[in-house]
Amino acid sequence: MENQKPSLMLVDGMALLFRAFYATAVSGQFMINSKGIPTNGIHGFIKHLFTAVSSFKPSHLAVCWDMGSKTFRTELFADYKGNRGEAPVELIPQFDLVKEVVASFDIPNIGLAGYEADDCIGTIASQMKDHAHVSILTGDQDILQLLDESISVILLKKGYGNYLVHTPQTFFEEKGITPRQMIDLKALMGDTSDNYPGVRGIGEKTALKLLQEFDHVEGIISNLDRLSKSNKTKIEQDLDMLHLSRILAEIKCDVPVSCALEEAGLKIEKEKAVNKLMEIELRGIQRLLPFDELIIS
């Protein structure tokens with residue numbers, strides 16, 4: 001029966017780690033341990049992760065990661081995310097260490113060089129949506145394009161335990177378009193965060209109006225003569241960038257990664273987990289871990 005499906009939470013690891021790091025870095029609280037390694041990002045990551053587990057009670061869990069800044073998107077467009085500076089020196093040693101901590105919880109770490117965490121999330125969500133209720137925990141709205149009747153998105157808001165949960169219905173109510181049309185929306189208006197321009201001079205309001213009328217980029221292009229002279233000119237001048245921006249905006253759901261449900265059951269071995277936390281001198285955080293109410297796959 002439908003309501004007996006397992007529930008799989010896919011976590012955007014970098015989104016949680018960066019959010020946690022910057023929340024405390026602003027006041028210089030890096031939590032440097034006796035080995036000289038900062039642990040503030042890892043501490044906040046664990047807190048975010050298990051606050052969400054407590055709130056949404058998934059039976060299964062996996063964490064997806066970016067594996068370096070070079071991806072197929074940077075090969076297509078060298079300036080993709082080119083507006084982002086180097087990671088702070090205090091964060092760099094926490095990248096590998098946080099994965100060790102996740103592994104100590106027997107939660108799968110998933111990532112693939114050449115792709116972003118979003119691509120891994122999209123692929124696994126597509127693979128698993130017929131077998132489980134999938135939820136995606138992130139702070140990144142790009143992932144909303146994956147919304148589906150079996151896929152919901154939990155957006156982190158400021159602080160701990162504050163979320164905005166999106167379904168296809170709530171997304172349509174907010175934007176007036178379907179989740180898949182979000183790819184075309186970003187193709188038209190670009191993305192300042194990811195540093196690609198879309199069509200210069202077309203903002204969200206115009207892009208939404210065009211998509212509500214013509215459904216998708218191809219529909220708009222095949223009806224250029226029905227557009228205002230201004231919008232027609234803008235699109236004709238940036239046609240190549242429009243097509244490229246659409247490729248950059250679309251999350252790939254056919255990446256060679258997988259996650260078997262039996263490997264992702266939420267079953268933390270207390271001794272193993274606590275030993276790892278003590279090794280990196282993260283005390284007090286283990287109280288957040290679900291030792292007493294284990295959900296076995």
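Residues take numbers from 1 onward in each chain, read along the sequence in its written order. Reporting of local features is limited, given that this is a predicted model, to residues whose pLDDT is at least 70; pairs of side-chain atoms are given and counted only at 80 or more, and all residues count toward the totals for whole chains, interfaces and linings. Excluding hydrogens and water, the side-chain figures rest on all heavy atoms present in the structure.

The name given to the protein in an unreviewed UniProt entry is 5'-3' exonuclease, with Neobacillus bataviensis LMG 21833 as the source organism. UniProt positions are given in the numbering used here, feature names are shortened, and annotations may be inferred rather than shown by experiment. Under the UniProt heading Function (unreviewed entry), the note attached to the protein is "5'-3' exonuclease acting preferentially on double-stranded DNA."

Regarding the domain arrangement of the protein
When its domains are assigned, the protein resolves into domain 1 (7-173 + 252-288) and domain 2 (174-249). Contacts between domain 1 and domain 2 engage 20 residues on the former and 22 residues on the latter. Carbon and sulfur atoms make up 55% of the surface buried where domain 1 meets domain 2, a total of about 1900 Å² over both sides. It is Phe 77, Gln 145 and Phe 171 in domain 1 that bury the most area against domain 2; as a group they hold 37% of the surface buried on that side. The salt bridge definition used is simple: a Lys or Arg side-chain nitrogen within 4 Å of an Asp or Glu carboxyl oxygen. Where domain 1 touches domain 2, the interface holds two salt bridges. Measuring nitrogen to oxygen at the nearest pair gives 2.9 Å for the salt bridge that ties Asp 194 to Arg 84. Annotation comment: domain bounds sourced from an automatic or database domain assignment. Whether two residues are in contact is decided by their heavy atoms, any of which lying within 4.5 Å being enough. What gets called buried area is simply the loss in accessible area from a 1.4 Å probe that two parts show on being joined, summed for both.

Comments concerning the packing of aromatic side chains
For Phe, Tyr and Trp, where Trp contributes only its six-membered ring, two rings pair if their centres lie within 6.5 Å, and the inter-plane angle classes them as stacked under 30 degrees, edge-to-face over 60, or tilted in between. If you walk through the whole model with that rule in mind, you get nine aromatic pairs. On the numbers, 5.0 Å between centres and 70 degrees between planes, the contact of Phe 56 with Tyr 163 is edge-to-face. Remark: Tyr 163 occurs in strand S6 (residues 163-166) and Phe 56 occurs in helix H2 (residues 40-56); sequence separation between them is 107 residues. Summarising the aromatic geometry, the rings of Tyr 80 and Tyr 196 are spaced 6.3 Å apart at their centres and angled 15 degrees between planes, so their arrangement reads as stacked. Taken together, the residues Tyr 80 in the loop between helix H3 (72-76) and helix H4 (92-104) and Tyr 196 in the loop between helix H7 (181-189) and helix H8 (204-214) connect sequence positions 116 residues apart. An identical accessibility class is assigned to Tyr 80 and Tyr 196; each is buried. Through pairs of rings, three or more aromatic residues link up here, namely Phe 18, Phe 21, Tyr 22, Phe 30 and Phe 95. Note on criteria: charge over ring means Lys NZ or Arg CZ within 6 Å of the ring centre, with the direction from the centre no more than 35 degrees off the ring normal. One cation-aromatic arrangement involves Lys 47 over Tyr 160; the distance from NZ or CZ to the ring centre is 4.4 Å. Looking at Lys 252, its charged tip hangs above the ring of Phe 72, at a distance of 5.7 Å from the centre. Starting at the N terminus, helices and strands are each numbered in turn, a helix being any DSSP run of H or I of at least four residues and a strand any DSSP run of E of at least two. Note on exposure labels: buried denotes an accessible area under 20% of the residue type's maximum, exposed denotes more than 50%, and partly exposed covers the range between, all computed with a 1.4 Å probe on protein chains only.

Topic: the UniProt feature "domain: 5'-3' exonuclease" (unreviewed entry) in the protein
Listed under "domain: 5'-3' exonuclease" (unreviewed entry) in the UniProt record, and renumbered for this structure, are residues 4-267. Along residues 4-267, the helical share is 43% and the strand share 11%, with 19 Å between the first and last C-alpha atoms.

Some thoughts on the sheet that holds strand S5 (residues 151-156)
When DSSP finds two or more bridges between a pair of strands, those strands are recorded as paired. Ordered by their spatial adjacency, six strands build an open sheet running S3-S2-S1-S4-S5-S6, and the pairing between neighbours is mixed. Looking at which strands have only one partner, the edges of the open sheet turn out to be strand S3 (109-110) and S6. Here two bridges tie strand S2 (residues 60-64) to S3, and the two strands are oriented parallel to one another. Each residue of the ladder has a partner; that of Cys 64, found in S3, is Ile 110.

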